[in-house]
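# Summary of the model geometry
Here is what each chain is made of, one letter per residue.
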Number of protein chains: 2
Amino acid sequence: MGGSFALAMKKAGLVRRVVGYSKSPSTTETARRMGVIDLAAESALLAVSGSDIVLLAVPVAATESTLKAIRHLIHSDVLLMDVGSTKGDVVDAARRALGKQLPTFVPAHPIAGKESAGVQHADANLYQGRQVILTPLEQTRPELVQRATDVWSALGCQVLKMAPHNHDAAFAAVSHLPHLLAYAYFNAVARQPSGRDFLSLAGSGFRDFTRIAASDPTIWRDILIANKQELLTQTQKFRESLDAMEQAIQKGDTSGLEAMIRQASEGRGQWQLSSPPTPPKSK
Amino acid sequence: MGGSFALAMKKAGLVRRVVGYSKSPSTTETARRMGVIDLAAESALLAVSGSDIVLLAVPVAATESTLKAIRHLIHSDVLLMDVGSTKGDVVDAARRALGKQLPTFVPAHPIAGKESAGVQHADANLYQGRQVILTPLEQTRPELVQRATDVWSALGCQVLKMAPHNHDAAFAAVSHLPHLLAYAYFNAVARQPSGRDFLSLAGSGFRDFTRIAASDPTIWRDILIANKQELLTQTQKFRESLDAMEQAIQKGDTSGLEAMIRQASEGRGQWQLSSPPTPPKSK
């Protein structure tokens, strides 16, 4: 996410110089060799020094410690953003870590996933035509929210603003729960004595249904735990829906089962991936 | 499925003339206008009359009545096949319906799905590079099993033979359960008061995960009920897998949760859609 942001910012002509830092020296080295960053910093704190825009791209559980490591060099006119898939916990971490620098923080979640994490998959066009959600706090400086909006718009994003809680409820439903179900489903099949034989017979429906089960374990472990409350609420709703269908199957209630399938089939048939038309011009 | 088979057989030069019958006159008319069939029969029985190969492409629950309607004109050297996604119930239906014509029946399941059913989506290349499962009975004439193998091979399929029960166990796991989960999941999200807002935020992971939830209600109602026993066995295994992950999330057991996600992620990362190399030459 961070690498793609750097490339996209360069492509849009919005930055002169990108300074990067990663805990892993090989990541930093790859980023420099690929031209994703211009300069490798020796610490997160040094990477922040003198920057106008700071983008934090770390697993959500590492947000607080990273913010603590950099807060001393965050000035009040720096635009500080993250890209975390959960927002309630990130906002809480920011409140604890940032103190008087809190108003510089504009929590952001670009809806632009890849199963393949890592700077080697950085893509200057990753954000083109995607949505990004900003969840500013009451303390956030309005001009920084506007600047964040302008930056993401210039990268081709449609920018939406939501309260952190609403964000987390929505993404528990449309992203975190499907990941959990895909992981649980894949393991349920693969662990059976005949699992390997079964998997060799799976077709394109299985392929698409389980694509997100290949997603990064560390990132998703953190997301599922960070958004525990909303996720378990959604899991409960899913279980009720599954129970109803299972009961219809058990009883041989063909018309009841068909009605449920038809509702899903028609709803999904009408659903479309939202793709904003041409991105609005940035100021 | 039937229309694609007709087009593929014509393309491979394996048939001189295709006679079609559908309960719906508009389907028959479309099939003739598209050149999928050469002749529209006035009944299923008349469609079978004089044919060398008969392919039944009906929802699995309609197998028995359709076989009963045609059995009087099935000669002992006719190759009779279906394309149903379940095999145990189809075989039972054939035993009840076919009597002394049972040896002509070679139950078949081509693994080539489309969400869009109907003759207007018929595709001469649908079966190219796909698998087809044959589940012959002890009574099935071996030369007809060989002929079925040759026909599907000539259409570009890899042909596998399995017992009906093993087929149904495998497809409950890799096809029927994912459909059930996708339907249940889509409804769980869409029925919530904020469901519409949630769906507008869903991204490409959601798109792929729910693609099969758009599948045909009638066909899938029949499949889920026809394979009830195996499906409910698989649902139980899925529930155990989901329970374990939910408990880890509930307890904040990050390492336990990560281990489960990692198992799925690595397994899915290694999995590949099986695509046979060049199809074997037919005799």
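Residues numbered from 1 in each chain as written. Chains lettered and ligands numbered in written order. Predicted model: local features only at pLDDT ≥ 70, side-chain atom pairs only at ≥ 80, totals over all residues. Heavy atoms only, no water.

Helices and strands together make up the secondary structure of chain A, namely 12 helices and eight strands. The principal-axis extents of the C-alpha atoms in chain A amount to approximately 70 × 40 × 40 Å. The buried share among the 283 residues of chain A stands at 53%. Partitioning the intrachain contacts of chain A with sequence separation of at least 6 by distance along the chain shows that 74% fall at a separation of at least 24. Carbon and sulfur atoms form 49% of the exposed surface of chain A, whose accessible area is close to 12300 Å². Here chain A contributes 31 positively and 26 negatively charged side chains, and the mean placements of these two sets differ by 5 Å. (Helix = DSSP H or I, 4+ residues; strand = E, 2+ residues; numbered from the N terminus. Buried < 20%, exposed > 50% of the residue type's maximum accessible area, 1.4 Å probe, protein only. Contact = heavy atoms within 4.5 Å. Areas by Shrake-Rupley, 256 points an atom, 1.4 Å probe, with all protein chains shown as cover. Lys, Arg positive; Asp, Glu negative; His and termini not counted. Charge placed at Lys NZ, Arg CZ, Asp CG, Glu CD.)

Attention now goes to the interface of chain A and chain B. Counting residues at the interface gives 80 residues for chain A, matched by 80 residues for chain B. Carbon and sulfur atoms supply 66% of the area buried between chain A and chain B, which totals about 7800 Å² over both sides. Our enumeration of links across chain A and chain B arrives at eight salt bridges. Here Arg 239 of chain B and Asp 243 of chain A are joined by a salt bridge, their closest N and O atoms 2.6 Å apart. When contributions to the side of chain A that touches chain B are tallied by element, the ones reaching two or more residues are strand E7 (131–134), helix H7 (164–190), helix H8 (195–200), helix H9 (204–209), helix H10 (217–226), helix H11 (228–251) and helix H12 (254–270) of chain A. The greatest single-element share of the side of chain A that touches chain B, amounting to 17 residues, is contributed by H7 of chain A. (Buried area = accessible area lost by both parts, 1.4 Å probe. Salt bridge = Lys/Arg side-chain N within 4 Å of Asp/Glu carboxyl O.)

The next thing to look at is the nonpolar core. One finds Phe 238 of chain A together with Phe 238 of chain B to be the most contacted residues of the largest nonpolar core, which totals 115 residues. Excluding residues within four positions of it along the chain, Phe 238 of chain A makes contact with Leu 177 and Leu 181 of chain A together with Leu 181, Ala 184, Tyr 185, Ala 188, Phe 238 and Leu 242 of chain B. Counting residues in each nonpolar core, the second largest holds 21 residues, with Ala 108, Tyr 127, Ala 148 and Val 151 of chain A among its members. (Core = buried A, V, L, I, M, F, W, Y, C linked by side-chain atoms within 4.5 Å.)

Here two copies of a chain appear, and what relates them is a rotation about an axis with a shift along it. Placing chain A over chain B gives an RMSD of 0.0 Å and needs a rotation angle of 180°, together with 0.0 Å of translation along the axis. On this basis, the relationship between the two copies can be described by a two-fold rotation axis. Rotation axis and chain A: the residue whose C-alpha lies nearest the axis is Phe 209 of chain A, separated from it by 2.1 Å. Of all interface residues in chain A, 100% are interface residues in chain B too; the two copies therefore contact each other through one and the same surface. (Least-squares fit on C-alpha atoms with pLDDT ≥ 70 in both.)

Turning our attention to the domain arrangement of chain A. Residues and elements named next belong to chain A. Split into domains, chain A comes out as domain 1 (2–162) and domain 2 (167–270). Summarising the inter-unit geometry, the C-alpha centres of domain 1 and domain 2 are found 31 Å apart. Taken together, the 15 residues of domain 1 in the interface contact 13 residues of domain 2. At the boundary of domain 1 with domain 2, total buried surface from both sides reaches about 1200 Å², with 69% on carbon and sulfur atoms. If you look at where domain 1 meets domain 2, you find zero salt bridges. Run the count over domain 1 and domain 2 and you get four residue pairs in polar contact (both at pLDDT 80 or more). Taken together, the residues of the side of domain 1 that touches domain 2 break down into seven nonpolar, five polar and three charged. (Domains from an automatic or database assignment. Polar contact = N/O pair within 3.5 Å; in protein donor to acceptor, adjacent residues only side chain to side chain. Nonpolar A, V, L, I, M, F, W, Y, C, P; charged D, E, K, R; others polar.)

Residues and elements named next belong to chain A. Ordered by their spatial adjacency, three strands build an open sheet running E6-E7-E8, and the pairing between neighbours is mixed. The open sheet has two edge strands, strand E6 (108–110) and strand E8 (158–161), and neither has a second partner. Each neighbouring strand pair of the sheet contributes to a mean axis angle of 20°, computed without reference to strand direction. Note that E7 and E8 share four bridges and pair parallel. Bridge pairing in E8 links Leu 134 to Lys 161. (Pairing = 2+ DSSP bridges. Axes fitted to C-alpha atoms, helices over the stretch in contact; angles between N-to-C directions.)

Next up on the list: the packing of helix H4 (residues 63–70) of chain A against helix H5 (residues 88–98) of chain A. Residue and element names in this part refer to chain A. The N-to-C vectors of H4 and H5 enclose an angle of 30°; their axes lie 9 Å apart at closest approach. Taken together, H4 and H5 sit at an angle that is classed as roughly parallel. Handedness of the H4/H5 crossing: right-handed. Listed contacts from H5 to Thr 63, Glu 64, Leu 67 and Lys 68 of H4 are Val 90, Ala 93, Ala 94, Arg 96, Ala 97 and Leu 98. When its residues are assigned to classes, the contact of H4 with H5 shows six nonpolar, one polar and three charged. (Parallel < 35°, antiparallel > 145°, perpendicular 65-115°, else oblique. Left-handed = near helix turned anticlockwise from the far one by under 90°.)

All right, on to the environment of Arg 147 of chain A then. Residue and element names in this part refer to chain A. Take Arg 147: it is sitting in helix H6 (residues 142–154). Taking the relative accessible area as the measure of exposure, Arg 147 reaches 29% and is therefore partly exposed. Taking C-alpha positions, Arg 147 is 9.8 Å from Ile 53, a pair spaced 94 residues apart along the chain. Setting aside residues no more than four positions away along its own chain, Arg 147 makes contact with Asp 52, Ile 53, Asp 77 and Leu 79. A polar atom in the side chain of Arg 147 sits 3.2 Å from the backbone oxygen of Asp 52.

Residues and elements named next belong to chain B. Strand order in the open sheet made by the three strands is E6-E7-E8, with mixed pairing throughout. Strands with a single pairing partner mark the edges of an open sheet, and in this sheet they are strand E6 (108–110) and strand E8 (158–161). Strand-to-strand twist in this sheet, taken as the mean axis angle between neighbours without regard to direction, amounts to 20°.

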